[in-house]
Amino acid sequence: MRTPKRWAKRPVRLVLLLAAMTVAALPAASHVTAQTTPTDGLVCTTSATGQFDLTTKTGNILLPDGNRSFMWGYSAGTNDFQHPSPVLCVDQGDTVTVVLNNTLDVPVSIMFPGQDDVMADGAPSQPEFSGTGELTSLTKPAAPGGGTVSYSFVANNPGTFLYQSGTDPAIQVRMGLFGALVVRPSQGAQFGNHRADSEFNPDEEVMVLLSEIDPYLNEAVQRGTAYDLADYQPRYWLINGRGFPDSIAANNASWLPNQPYGAMAVVHPVDPDNPLDKPGIGRYLNVGTTAFPFHPHGNNGIAIARDGKVLEGTGGEDLSFERFSINLGPGQTWDVLFRWFDAEGYDEVLNEVSVNIPDPQNLFYGEFYSGSPYLGTQGTIPVGAPNANACGEYYIISHNHALFQITSWGVPMTGPITYLRIDPPLPNDCGN
Amino acid sequence: MEQQTPPGISRRGFIRSVGGATMAIAGAGLTGGGLLNVLRPESVSAQAGDPYDLWFAGTDGWMSLPASPAIPPFHPDDLAPDPFNTYIFGFRNLTGLNKNRAENQKFKAAHPAPMFWLEENVPFHLRLGNLGLQLRPDLTDAHTLHWHGFRNVIPFFDGEPSGSVSVPIGREFTYVYVGRDPGTYMFHCHVEDVEHVQMGMTGLVFIRPAQDGNTALYPSGKYLYNDGDGSTGFDREFGLFLSEMWAESHWADSHVQLPEWSDYHVDFALLNGRTYPDTLEPNGSIDPFNPVRQNNGDLIAPAGRPDLQYQPMSALVTCNAGDRVALRFANLGFIESSMTLAGIPMKVVGKDAGLLRGRDGTDQTITTHTVAMGAGESRDVLFTAPPHSGGAGYDTYLLYNRAYARGSGNLGATLGGQSTEIRVYPPGMLGAQAHPNDLQN
């Protein structure tokens, strides 16, 4: 059964969002120097020379309750402010140089947790102390108003890492001075690490960068007023710098000019019997100050690396494990292989669900529901019910399960929520 | 009271024979979700004739938590009827009830939801109804049953309302599960889940492995996983479900208010829906497949504790010396819990319904005295009951959330609410369990 979609009257913003989700890729915005800017999935900022010029910028981000929050960030080259800061992708063995240009009126630095032997302006990166012995920065900072520092290291360990300010981190990291660093192994960009069983489908590589905001801190920084860090209490929680539903909008969505990274994972069902049908990979990072238990529905992940370290024994024993909750401690990262297939192989003709499907009038239909249990099939949508399903695709949610954190200062069901979009096997009518 | 399942008829046969009863409530309107067309409520909805293994329904009700010291103005709730003090949403087990008795369970929610289980590879049908919210007729929320952690589910049976369907007041939907992956899981309503989970629509579910019945690997023939070597065999099993209650949010729902969720904190940390020492009180009727109820279908309170009528699940663990005991933990609080067992080592054999083994078979089990679990995580744990100290009584070991300050249950300087006891009896004193969490004491 196939009926025309009936678009409902919805707020313009949501319609735009849905259009961006389901239609062709938007033109790449100019504010990240990415090799490719796919509609969905990880957006890498790369450098042929291994040098990245990062400049501090200030700007505002849009939050799900309609508020805007003043933020700081690192931007690549001369790009506008973006949040979070660019995803730096490098290859294992690269000598990586990050030149920080500080435009803020406070000293700023960059730490690279998980990287060894980091150099700052040619000397080993070390904490800095004042003349009276007080810790002033975890590494050499760039002076306010145009100071620069050049950090360098050899990216020896493949995996997922954070980079973040090492100066007043309780303020500066929370203001947005952080980003992700992906080190690709020498085995190839389709591997998570050196192990053969870490291979993934490069079209299904996603980032899950979780963060939090106390708007009073950001307001105080913007206005230059006092703020007592003992009062810190997050009111917003974000995924890739956005809250739901912005989180499922495309990369570089036009109405989120400073929040370029979407969080929806767009995949095809894998064939569980075909070893060549590789899983996707989720790169999870927690830049907040509490643990975030992230739960992908119906889609267990195999955690293959933690904090950029492969989960294996000294003899190569496999210490990966499968989870339905990816619980990230503060500052922690996980590399997680995931795949989805219909375990029962339900089919509209050959293998129907073993229950009578109630009349649409006897159920509430979700706006992403196709109207049919079967992948690739669209059923009748009740007249007037808002619906955004394009081609019978599935949407399966992923979200932080500390449920009070999927709110935005009073607006429930926002925050760090995204979806796994499962498109029907090719050929399909989904335009991809 | 009466046994509602007639003797001599198999459970599933009986359920199928009464499965045609409908829950459709005449005149119930679908008043949300943008349904603008003329409604066509059916006197017997198509699904009502489907066979089912269990029949649950969502509704609201009252339960009881330590009343003193008070948390004014939120706790005890001034609207609560004696002997209760906390407003909840919850699931009730309607399995086997007729239409009138089923409808009479509105405003009689329980917490946690009934623990249930199924066998690997055997299709399981769970019928879900929605009785509405008696105290909040303004809330016309649908309900769903989301099986948290079920692998490779299709959205139709996932219970997440945006990508799927949800069950309006007076309607029914049957979820079908074919359990392919043994282990311990949890389930909850996913509609407005910040609220519905916190309000109590949560419970524990597990899948028994196909290896069950093989007595060559472990004498009982009961296992947590298809381990192939008997390493997860056990003699007794206990589900331990962790949840939390923030008094303000419960008061807010009963008083038509909205809480500010970022202010969330744990006032009460619960084990099987109770705080210590109520966790030690006996079970009500907790075998979901053989429910014993009052004539009107209502729950029977545990002996001597009318205030625990809607918290029927004991968290006491009882065993004979030498028994191997399985503890199935599932945490649907919003905060990490850290369960410490004083005096008996625990072996963690499963996490998130997965045997702790690498893809190459590498053993990843952990022996510990403390099991930390984040929100939405589960653990399968085994311990061997130590020798008995002598005499006829039991030896007592404490199992408690090491994060005392969280959810003290207002017990001051003593253990927190998320605490219970493991009682070890002399060898052979306790009979075999009739069902999980059967105390036999």
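Presented here is a report on the structure given in the accompanying data block. Note that this is a predicted model, so its numbers are computed, not measured.

### Topic: the overall build of chain A
- When its secondary structure is counted, chain A shows 3 helices and 26 strands.
- At 22 Å, chain A has a C-alpha radius of gyration in line with the 22 Å of a compact globule built from 432 residues.
- Along the first, second and third principal axes, the C-alpha set of chain A runs to 75 × 55 × 35 Å.
- Counting across all 432 residues of chain A, residues that qualify as buried make up 58%.
- Residue pairs in contact within chain A that sit at least 24 positions apart in sequence constitute 69% of those at least 6 positions apart.

### What to know about the sheet that holds strand β10 (residues 159-164) of chain A
Residues and elements named next belong to chain A.
- Spatial strand order, β3-β11-β10: 3 strands in an open sheet with mixed pairing. Both edges of this open sheet fall to β3 (88-91) and β10, since each of them pairs with a single strand only. Within this sheet the neighbouring strands show an average axis-to-axis angle of 25°, counted without direction.
- Alignment of β3 against strand β11 (residues 178-184), held across 4 bridges, turns out to be parallel.

### Overview of the state of the cysteines
All names here are of chain A.
- Inspection of every chain in the model, using the stated rule, returns 2 disulfides over all chains.
- Across the disulfide from Cys44 sits Cys89; the S-S distance is 1.9 Å. Here the disulfide of Cys44 and Cys89 is left-handed, its torsion about the S-S bond being about -70°. Highlighted residues: Cys44 in the loop between α1 (12-22) and β1 (51-62) and Cys89 in strand β3, separated in sequence by 45 residues.
- On the basis of relative accessibility, which here comes to 12%, the residue Cys44 falls in the buried class.
- Residue Cys89 is classed as buried on the basis of its relative accessible area, which comes to 8%.

### A closer look at a nonpolar patch on the surface
Residues and elements named next belong to chain A.
- A contiguous nonpolar surface patch, about 300 Å² in accessible area, is contributed by Phe129, Leu135 and Leu138.
- One can find Phe129 in strand β7 (residues 128-129).
- The exposure class of Phe129 is exposed, given its relative accessible area of 53%.

### Examining the pairing of strand β20 (residues 370-373) of chain B
All names here are of chain B.
- Burial along β20 is one-sided: Val371 and Met373 are buried, while Thr370 and Ala372, pointing the other way, are not.
- Direction of pairing for strand β16 (residues 337-341) relative to β20: antiparallel, over a ladder of 4 bridges. Its bridge partner lying in β20, Met339 is registered against Val371.

### Focus on the environment of A:Glu128
Residue and element names in this part refer to chain A.
- Summarising the element assignment, Glu128 is placed in strand β7.
- According to the relative accessible area criterion, Glu128 is partly exposed, its value standing at 29%.
- Those residues in contact with Glu128, other than ones at most four positions away along the chain, are Glu134, Leu135, Thr136, Ser137, Thr139, Lys140 and Pro141.

### Looking at the sheet that holds strand β9 (residues 147-154) of chain A
All names here are of chain A.
- Here 6 strands make up an open sheet; going across it, the order is β2-β1-β4-β9-β5-β6 and the pairing mixed. Only two strands of the sheet have a single partner each, and these edge strands are β2 (68-76) and β6 (123-124).
- Relative to β6, strand β5 (residues 119-120) runs antiparallel, the two sharing 2 bridges. Across the sheet, the residue bridging to Ala120 is Ala123, located in β6.

### Describing the packing of aromatic side chains
- Counting across every chain of the model gives 47 aromatic pairs over all chains.
- Ring geometry for B:Phe156 and B:Phe173: centres 5.1 Å apart, planes at 80°, overall edge-to-face. You can see B:Phe156 sitting in the loop between β6 (146-148) and β7 (165-166) and its partner B:Phe173 sitting in strand β8 (residues 172-178), a full 17 residues away along the chain.
- Since its relative accessible area comes to 1%, B:Phe156 is described here as buried.
- The class for B:Phe173 is buried, based on a relative accessible area of 0%.
- In this structure, A:Arg174 is placed above the aromatic ring of A:Tyr232, and the distance from its NZ or CZ to the ring centre is 3.4 Å.
- For the cation-ring pair, B:Arg328 lies above B:Phe206, with the distance from its terminal atom to the ring centre recorded as 3.8 Å.

### Comments concerning the side chain of A:Asn327
- Topologically, A:Asn327 is positioned in strand β20 (residues 326-328).
- Residue classification places A:Asn327 among the buried residues on the basis of a relative accessible area of 16%.
- Apart from the residues within four sequence positions on either side, A:Asn327 is in contact with A:Ala291, A:Phe292, A:Pro293, A:Gln332, A:Trp334, B:Glu336, B:Gly374 and B:Glu377.

### Topic: the interface of chain A and chain B
- Chain A puts 69 residues into the contact, and the matching count from chain B is 79 residues.
- Here chain A and chain B share an interface that buries about 6000 Å² over both sides, 56% of which is from carbon and sulfur atoms.
- Between the two partners, chain A and chain B, sit 7 salt bridges.
- One salt bridge connects A:Arg323 with B:Glu377, and the closest N-O pair in it is separated by 2.6 Å.
- Inspection of the region where chain A meets chain B yields 38 residue pairs in polar contact (both at pLDDT 80 or more).
- Of all the secondary-structure elements, those providing two or more residues to the side of chain A that touches chain B are β16 (292-296), β17 (301-306), β19 (321-323), β22 (364-365) and β23 (394-400) of chain A.
- Considering only residue class, the side of chain A that touches chain B consists of 39 nonpolar, 19 polar and 11 charged.

### Some points on the pattern of salt bridges
- Across all of its chains, the model carries 34 salt bridges over all chains by this definition.
- Its salt-bridge partner being B:Glu281, residue B:Arg305 comes within 3.5 Å of it at the nearest N-O pair. Here B:Arg305 is found in the loop between β13 (292-293) and β14 (317-320), whereas its partner B:Glu281 is found in the loop between β12 (268-271) and β13, with 24 residues between them in sequence.
- Taking relative accessible area as the criterion, B:Glu281 reaches 23% and is therefore assigned partly exposed.
- What emerges from the salt-bridge pattern is a single network uniting A:Arg195, A:Asp197, A:Glu312, A:Asp318 and B:Arg359.

### Some details on the nonpolar core
- One finds B:Phe116, B:Trp147, B:Phe157 and B:Tyr177 to be the most contacted residues of the largest nonpolar core, which totals 73 residues.
- Beyond its immediate sequence surroundings of up to four residues, B:Phe157 is in contact with A:Tyr346, A:Val353, A:Val355, B:Phe173, B:Thr174, B:Tyr175, B:Val176 and B:Tyr177.

Analysis parameters
Residues take numbers from 1 onward in each chain, read along the sequence in its written order. Here every chain gets a letter starting at A, and every ligand a number starting at 1, in the order they are written. The predicted origin of the model limits local features to residues at a pLDDT of at least 70 and limits the giving and counting of side-chain atom pairs to 80 or more, whereas totals for whole chains, interfaces and linings rest on all residues. Note: side-chain values were computed over all heavy atoms of the structure, leaving out hydrogens and water. By definition, any uninterrupted DSSP run of H or I lasting at least four residues is a helix, any uninterrupted run of E lasting at least two residues is a strand, and each is numbered from the N terminus. Only C-alpha atoms enter the radius of gyration, while the globule expectation follows 2.2 Å times N to the 0.38, with N the number of residues. Each residue gets one of three labels from its accessible area relative to the maximum for its type: buried under 20%, exposed over 50%, partly exposed in between, using a 1.4 Å probe on protein chains only. Whether two residues are in contact is decided by their heavy atoms: any pair within 4.5 Å suffices. Two strands form a pair only when DSSP identifies at least two bridges running between them. Interaxial angles span 0 to 180 degrees and are taken between N-to-C directions of axes, which are lines fitted to C-alpha atoms, for helices over the stretch in contact. When two cysteine sulfur atoms lie within 2.5 Å, the pair is treated as a disulfide. To count toward a patch, a residue needs a relative accessible area above 30% and no salt bridge. Like charges then connect within 9 Å, nonpolar side chains (Val, Leu, Ile, Met, Phe, Trp, Tyr) within 5 Å. Here, Shrake-Rupley sampling with a 1.4 Å probe gives the accessible areas, and only protein chains in the shown set may cover a residue. Salt bridges are defined as contacts in which a side-chain nitrogen from Lys or Arg sits within 4 Å of a carboxyl oxygen from Asp or Glu. Pairing of aromatic rings covers Phe, Tyr and Trp, the last through its six-membered ring, and needs centres within 6.5 Å; plane angles under 30 degrees mean stacked, over 60 mean edge-to-face, and all others mean tilted. Our definition puts a charge over a ring when NZ of Lys or CZ of Arg is within 6 Å of the ring centre and also within 35 degrees of the ring normal. Here the buried area means the combined drop in accessible surface, using a 1.4 Å probe, for two parts upon being joined, counting both sides. For this analysis, a polar contact is any N or O atom pair within 3.5 Å, provided that within protein one partner can donate a hydrogen and the other can accept it, and provided that sequence-adjacent residues contribute only side-chain to side-chain pairs. Residue polarity is assigned by list, with Asp, Glu, Lys and Arg as charged and Ala, Val, Leu, Ile, Met, Phe, Trp, Tyr, Cys and Pro as nonpolar; anything else, Gly included, falls into the polar class. For the purposes of this section, nonpolar cores are sets of buried Ala, Val, Leu, Ile, Met, Phe, Trp, Tyr and Cys residues that join through side-chain atoms within 4.5 Å.

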